[in-house]
Amino acid sequence: MKKITIMFLCIALALVFTAGYSQAVDLGGKKAIGFNGNLLGGRYWIDNLIGIDGGIGFSTGGGSTAFSLGAGLPYVIKSTKNLNFELKPSIMFGITSPTAPATSVTAFEISALGVVEYFIPGLEEISFNAGVGLNLNINSAATTTTVFSITSSVPFFGLYYYF
(Lines give C-alpha, C1' and ligand atoms only; values in the text may rest on other atoms or scores of the structure.)
Protein backbone atom coordinates (compact mmCIF):
# COMPACT_ATOMS: atom_id res chain seq x y z
CA MET A 1 0.00 0.00 0.00
CA LYS A 2 2.84 2.37 0.85
CA LYS A 3 4.48 1.75 -2.57
CA ILE A 4 1.20 2.56 -4.37
CA THR A 5 0.83 5.81 -2.40
CA ILE A 6 4.42 6.87 -3.19
CA MET A 7 3.97 5.97 -6.87
CA PHE A 8 0.70 7.95 -7.02
CA LEU A 9 2.39 10.99 -5.41
CA CYS A 10 5.29 10.81 -7.89
CA ILE A 11 2.91 10.67 -10.87
CA ALA A 12 0.83 13.54 -9.46
CA LEU A 13 3.95 15.69 -8.90
CA ALA A 14 5.21 14.92 -12.40
CA LEU A 15 1.87 15.99 -13.90
CA VAL A 16 1.82 19.21 -11.87
CA PHE A 17 5.37 20.21 -12.84
CA THR A 18 5.12 19.27 -16.52
CA ALA A 19 1.65 20.84 -17.02
CA GLY A 20 3.11 24.30 -16.36
CA TYR A 21 5.29 24.07 -19.46
CA SER A 22 2.46 23.55 -21.94
CA GLN A 23 0.52 26.58 -23.18
CA ALA A 24 -3.21 26.53 -23.78
CA VAL A 25 -2.72 28.82 -26.76
CA ASP A 26 0.18 30.99 -27.90
CA LEU A 27 -1.17 34.27 -26.51
CA GLY A 28 1.78 36.60 -27.11
CA GLY A 29 0.65 39.55 -29.26
CA LYS A 30 -2.95 38.29 -29.56
CA LYS A 31 -5.91 40.67 -29.39
CA ALA A 32 -9.47 39.82 -28.37
CA ILE A 33 -12.88 41.41 -28.13
CA GLY A 34 -15.70 40.26 -25.89
CA PHE A 35 -17.38 40.80 -22.59
CA ASN A 36 -16.33 40.13 -19.03
CA GLY A 37 -18.88 40.53 -16.26
CA ASN A 38 -20.80 43.70 -17.12
CA LEU A 39 -18.11 45.23 -19.36
CA LEU A 40 -17.76 45.08 -23.14
CA GLY A 41 -14.19 45.54 -24.23
CA GLY A 42 -10.92 44.12 -25.39
CA ARG A 43 -7.81 42.28 -24.31
CA TYR A 44 -4.23 42.39 -25.57
CA TRP A 45 -1.58 39.88 -24.47
CA ILE A 46 1.90 41.44 -24.23
CA ASP A 47 3.37 37.93 -24.03
CA ASN A 48 2.15 34.49 -22.90
CA LEU A 49 1.96 35.59 -19.25
CA ILE A 50 0.81 39.23 -19.07
CA GLY A 51 -2.16 40.91 -20.72
CA ILE A 52 -4.03 44.22 -20.65
CA ASP A 53 -7.84 44.45 -20.39
CA GLY A 54 -10.08 47.45 -20.94
CA GLY A 55 -13.83 47.79 -21.05
CA ILE A 56 -16.88 49.99 -20.85
CA GLY A 57 -20.27 49.23 -19.35
CA PHE A 58 -23.73 50.79 -19.46
CA SER A 59 -26.94 49.63 -17.81
CA THR A 60 -30.42 50.86 -16.98
CA GLY A 61 -33.05 49.47 -14.67
CA GLY A 62 -34.21 49.58 -11.09
CA GLY A 63 -34.81 53.31 -11.35
CA SER A 64 -31.25 54.25 -12.30
CA THR A 65 -28.72 54.44 -15.11
CA ALA A 66 -25.11 53.32 -14.62
CA PHE A 67 -21.94 53.91 -16.61
CA SER A 68 -18.59 52.26 -15.86
CA LEU A 69 -15.02 52.03 -17.14
CA GLY A 70 -12.64 49.23 -16.18
CA ALA A 71 -9.07 48.06 -16.73
CA GLY A 72 -7.12 45.01 -15.64
CA LEU A 73 -3.80 43.19 -15.93
CA PRO A 74 -4.37 39.43 -16.24
CA TYR A 75 -1.31 37.36 -15.28
CA VAL A 76 -1.19 33.63 -16.08
CA ILE A 77 -0.07 31.74 -12.97
CA LYS A 78 -0.71 28.24 -14.37
CA SER A 79 -1.38 27.00 -17.86
CA THR A 80 -2.52 23.63 -19.19
CA LYS A 81 -3.51 22.49 -22.67
CA ASN A 82 -6.91 24.27 -22.77
CA LEU A 83 -7.01 26.18 -19.50
CA ASN A 84 -5.30 29.23 -18.00
CA PHE A 85 -5.44 30.11 -14.31
CA GLU A 86 -4.97 33.86 -13.97
CA LEU A 87 -4.52 36.42 -11.22
CA LYS A 88 -6.03 39.73 -12.33
CA PRO A 89 -5.64 43.01 -10.47
CA SER A 90 -8.16 45.51 -11.84
CA ILE A 91 -9.71 48.92 -11.30
CA MET A 92 -13.17 50.21 -12.14
CA PHE A 93 -14.80 53.63 -12.09
CA GLY A 94 -18.56 54.04 -12.22
CA ILE A 95 -21.33 56.60 -11.96
CA THR A 96 -24.92 55.71 -11.11
CA SER A 97 -27.61 58.33 -11.75
CA PRO A 98 -31.14 57.74 -10.48
CA THR A 99 -33.95 58.54 -12.94
CA ALA A 100 -36.01 60.07 -10.14
CA PRO A 101 -34.68 63.19 -8.38
CA ALA A 102 -32.07 61.78 -6.04
CA THR A 103 -28.33 61.85 -5.52
CA SER A 104 -26.00 60.16 -8.00
CA VAL A 105 -23.27 57.88 -6.69
CA THR A 106 -19.67 57.79 -7.87
CA ALA A 107 -17.76 54.58 -7.22
CA PHE A 108 -14.13 53.52 -7.53
CA GLU A 109 -13.15 49.89 -7.08
CA ILE A 110 -9.81 48.10 -6.84
CA SER A 111 -10.00 44.31 -7.22
CA ALA A 112 -7.80 41.23 -6.90
CA LEU A 113 -9.47 38.48 -8.93
CA GLY A 114 -8.84 34.81 -9.58
CA VAL A 115 -9.88 33.90 -13.14
CA VAL A 116 -10.10 30.66 -15.11
CA GLU A 117 -10.00 30.98 -18.92
CA TYR A 118 -11.01 27.94 -21.00
CA PHE A 119 -10.14 27.64 -24.70
CA ILE A 120 -12.42 25.40 -26.78
CA PRO A 121 -10.37 22.55 -28.32
CA GLY A 122 -10.24 23.02 -32.09
CA LEU A 123 -11.58 26.60 -31.76
CA GLU A 124 -8.79 28.25 -29.79
CA GLU A 125 -9.97 31.67 -30.99
CA ILE A 126 -12.88 31.45 -28.52
CA SER A 127 -12.47 31.40 -24.75
CA PHE A 128 -14.88 31.35 -21.84
CA ASN A 129 -13.82 32.75 -18.48
CA ALA A 130 -15.11 32.92 -14.94
CA GLY A 131 -13.74 34.52 -11.83
CA VAL A 132 -14.23 35.83 -8.33
CA GLY A 133 -12.13 37.85 -5.88
CA LEU A 134 -11.93 40.69 -3.37
CA ASN A 135 -12.86 44.34 -3.95
CA LEU A 136 -11.93 47.54 -2.16
CA ASN A 137 -14.90 49.86 -2.81
CA ILE A 138 -14.86 53.63 -2.43
CA ASN A 139 -18.34 55.13 -2.90
CA SER A 140 -19.43 58.73 -2.52
CA ALA A 141 -22.66 60.68 -2.95
CA ALA A 142 -23.19 64.43 -2.76
CA THR A 143 -25.24 64.17 0.45
CA THR A 144 -23.21 61.53 2.30
CA THR A 145 -19.64 60.94 3.31
CA THR A 146 -17.28 58.67 1.39
CA VAL A 147 -17.73 55.00 2.25
CA PHE A 148 -14.87 52.49 2.15
CA SER A 149 -15.61 48.76 2.16
CA ILE A 150 -13.95 45.47 1.35
CA THR A 151 -16.25 42.89 -0.20
CA SER A 152 -16.02 39.68 -2.17
CA SER A 153 -16.81 40.21 -5.82
CA VAL A 154 -19.87 38.74 -7.46
CA PRO A 155 -18.80 35.74 -9.56
CA PHE A 156 -18.55 36.84 -13.19
CA PHE A 157 -18.47 35.12 -16.55
CA GLY A 158 -17.16 36.24 -19.91
CA LEU A 159 -16.44 35.32 -23.49
CA TYR A 160 -13.57 36.45 -25.74
CA TYR A 161 -12.96 36.07 -29.46
CA TYR A 162 -9.22 36.16 -30.27
CA PHE A 163 -7.85 37.34 -33.60
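Residues numbered from 1 in each chain as written. Predicted model: local features only at pLDDT ≥ 70, side-chain atom pairs only at ≥ 80, totals over all residues. Heavy atoms only, no water.

Details of the environment of T60
Turning to its location among the elements, T60 is positioned in strand β3 (residues 51-61). Residues T60 and T96, spaced 36 residues apart in sequence, show a C-alpha to C-alpha distance of 9.4 Å. (Helix = DSSP H or I, 4+ residues; strand = E, 2+ residues; numbered from the N terminus.)

A short note on the pairing of strand β4 (residues 64-72)
Both β3 and β4 contribute to a ladder of nine bridges, which runs antiparallel. By the bridge assignment, I56 is partnered in β4 with L69. Linking β3 to β4, which pair antiparallel, is a turn of two residues; within it G62 sits at a positive phi near 65°. (Pairing = 2+ DSSP bridges.)

Details of the layout of surface pockets
For the largest pocket, the calculated volume is near 780 Å³. What lines the largest pocket is a set of 41 residues, and nearest its centre among them are N38, L39, S68, M92 and E109. (1 Å grid on protein atoms, 1.4 Å probe; cavity = no way out; pocket = protein on both sides within 12 Å on 5 of 7 lines; lining within 4 Å. Points joined across faces, edges and corners; volume = space filled by probe spheres on them.)

Looking at the nonpolar core
In terms of nonpolar packing, the biggest core is built from eight residues, these being V25, L27, A32, W45, V76, F119, Y160 and Y162. Not counting the four nearest positions on each side in its chain, V76 is found in contact with W45, N48, L49, N84, F85 and E86. (Core = buried A, V, L, I, M, F, W, Y, C linked by side-chain atoms within 4.5 Å. Buried < 20%, exposed > 50% of the residue type's maximum accessible area, 1.4 Å probe, protein only. Contact = heavy atoms within 4.5 Å.)

Details of the packing of aromatic side chains
One pass over the full model with this rule turns up two aromatic pairs. Consider the rings of Y160 and Y162, whose centres lie 6.3 Å apart with planes at 50°: the pair is tilted. Three or more aromatic residues joined by ring pairs form one cluster here, namely F119, Y160 and Y162. (Phe/Tyr/Trp six-rings, centres within 6.5 Å; stacked < 30°, edge-to-face > 60°.)

Regarding the pattern of salt bridges
According to the stated counting rule, one finds four salt bridges in the structure shown. Where salt bridges share partners, they join R43, D53, E86, K88 and E117 into one cluster. (Salt bridge = Lys/Arg side-chain N within 4 Å of Asp/Glu carboxyl O.)

A short note on the confidence of the model for the protein
Summarising the model, the protein shows a mean pLDDT of 83, and 81% of its residues fall at 70 or more. Here residues 1-21 is modelled with pLDDT under 50, and outside its nearest four sequence neighbours on either side it reaches six contacts, counting other chains as well. (pLDDT = per-residue confidence, 0-100.)

A few points about the pairing of strand β7 (residues 105-120)
Pairing analysis gives 14 bridges linking strand β6 (residues 83-98) to β7, with the strands arranged antiparallel. Of the residues in β7, the one forming a bridge with F93 is F108. Here 16 bridges tie β7 to strand β8 (residues 123-141), and the two strands are oriented antiparallel to one another. Bridge pairing links F108 to I138 in β8. Taking the residues between adjacent antiparallel strands as the criterion, β7 and β8 are bridged by two residues, where G122 takes a positive phi near 85°.

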